[in-house]
Every structure is written in C-alpha cells, then in structure tokens.
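Here is how the chains run, residue by residue.
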Amino acid sequence: MKNFVVKTIANAGALAVAVWLLDKITLTGDSTGKKIGTLVLVALIFGVVNFLVKPIVNLLSLPLLILTLGLFTLVVNALMLLLTSWFADKFDLSFHVEGFWTAVLGGLIVSIVSWALNLALPDGD
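Residues numbered from 1 in each chain as written. Predicted model: local features only at pLDDT ≥ 70, side-chain atom pairs only at ≥ 80, totals over all residues. Heavy atoms only, no water.

Q: Now, about the side chain of serine 85: what can you tell me, with residues and values included?
A: Relative to the assigned elements, serine 85 resides in helix 5 (residues 72-90). In this structure serine 85 comes out as buried when scored by relative accessible area, which is 4%. Residues contacting serine 85, with those up to four places away along its chain left out, are Phe95, His96 and Val97. (Helix = DSSP H or I, 4+ residues; strand = E, 2+ residues; numbered from the N terminus. Buried < 20%, exposed > 50% of the residue type's maximum accessible area, 1.4 Å probe, protein only. Contact = heavy atoms within 4.5 Å.)

Here it is, written out as structure tokens:
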C-alpha cells in the first residue's frame, strides 16, 4: 500500500512539473488546494492507465519498439498522457493536454521526473 501511495505522489509531482514547464498542458483551479487535489486524482488516473492499458499497447506495438530501438516508447507515453487527459475531461477534472507533440514532450518530462522522484522517495522495501 505504501508503494502505491509513493508512486501516486511521484506521478502527481511529475505531472505538476509538466504543467509548470509546458504551456499547452493546463491545470486550472480556484485555489492551490483544488489544484493539488486535481493533480492527485489525475495521477491516480494516470497510474491506472499505465497499469491497465500501457502493457497491452506495448505488446501490440512490439515490432515498432524493436524497429525503432525503443524510441516508439515516447509515442506510447504520449498516448497514455493523452488518454489520461481524455479521462480527466470525462471525470470533469481541469487537466488538459493540447496536441500530440505537447503530449510527446510531456510524456518525456513525466517519465524523467517520475523516475527521479521514485528514486528519491522511500518505497517501503
């Protein structure tokens, strides 16, 4: 359970960095508390999407992953971020990613920051 909370916090932090760095990834809200709550909910959605959908997409795109020596992972990460944005819209959360290339750069930022935060935060092992 502790590992799940740590990963959710890392995802929320990584998404916050992406929102901060990229103008076309937006998070709107009246107060800081509402923004933090929205980030945590979006991080939960992002975690579920990465847990359920990403392995299937990786399996189906395995030939492209091999052909591009793994660079197609950037496209897969972008699609997961766009899918998270779509789900956030369906749940009436104020998180939006505008455009594929913004999602590619956002996915790269989220991956790097999430990796770094997962190294820094304790995971209960």
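Q: Describe in detail a nonpolar patch on the surface, supporting the description with residues and values.
A: Taken together, the side chains of Met1, Phe4, Val5, Ile9, Ile36, Val40, Leu41 and Leu44 define a hydrophobic patch exposed on the protein surface, amounting to about 770 Å² of accessible area. Counting residues per element, the ones that place at least two in the nonpolar patch are helix 1 (2-21) and helix 2 (32-52). By residue number, the principal contributor to the nonpolar patch is helix 2, which donates 4 residues. Judged by relative accessible area, phenylalanine 4 falls into the partly exposed class, the value being 48%. (Patch = residues over 30% accessible without salt bridge, like charges linked within 9 Å, V, L, I, M, F, W, Y side chains within 5 Å. Areas by Shrake-Rupley, 256 points an atom, 1.4 Å probe, with all protein chains shown as cover. Salt bridge = Lys/Arg side-chain N within 4 Å of Asp/Glu carboxyl O.)

Q: Explain unusual backbone geometry to me, and be specific about the residues and the numbers.
A: Backbone geometry places leucine 69, a non-glycine residue, at a positive phi of 55 degrees. Relative to the helices and strands, leucine 69 is located in the loop between helix 4 (62-67) and helix 5. Here leucine 69 falls in the exposed class, since its relative accessible area comes to 79%.

Q: Give a description of the nonpolar core that names residues and reports values.
A: The biggest cluster of nonpolar side chains holds 29 residues, and the ones touching the most others in it are Leu15, Ile25, Val42, Leu81, Phe95, Val97 and Val110. Looking at this core, the elements that each hand over two or more residues are helix 1, strand 1 (25-27), helix 2, helix 5, strand 2 (95-97) and helix 6 (100-120). Leave out the neighbours within four places in its chain, and valine 110 touches Ala14, Leu15, Ala18 and Phe46. (Core = buried A, V, L, I, M, F, W, Y, C linked by side-chain atoms within 4.5 Å.)

Q: Residue-level account of the confidence of the model for the protein chain, with values.
A: Per-chain confidence: the protein chain averages 92 in pLDDT, with 98% of residues scoring 70 or above. Across the protein chain, helix 5 holds the top mean pLDDT of 96, while helix 1 sits lowest at 90. (pLDDT = per-residue confidence, 0-100.)

Q: How would you sum up helix 1? Please name residues and give values.
A: Between the first and last C-alpha of helix 1 there are 29 Å, a value that for 20 residues agrees with the 28 Å anticipated at 1.5 Å per step. Within helix 1, the full set of buried residues consists of Val6, Thr8, Ala10, Asn11, Ala12, Ala14, Leu15, Ala18 and Val19. Looking at the buried residues of helix 1, the elements they touch are strand 1, helix 2, helix 5, strand 2 and helix 6. (Expected span 1.5 Å × (residues − 1).)

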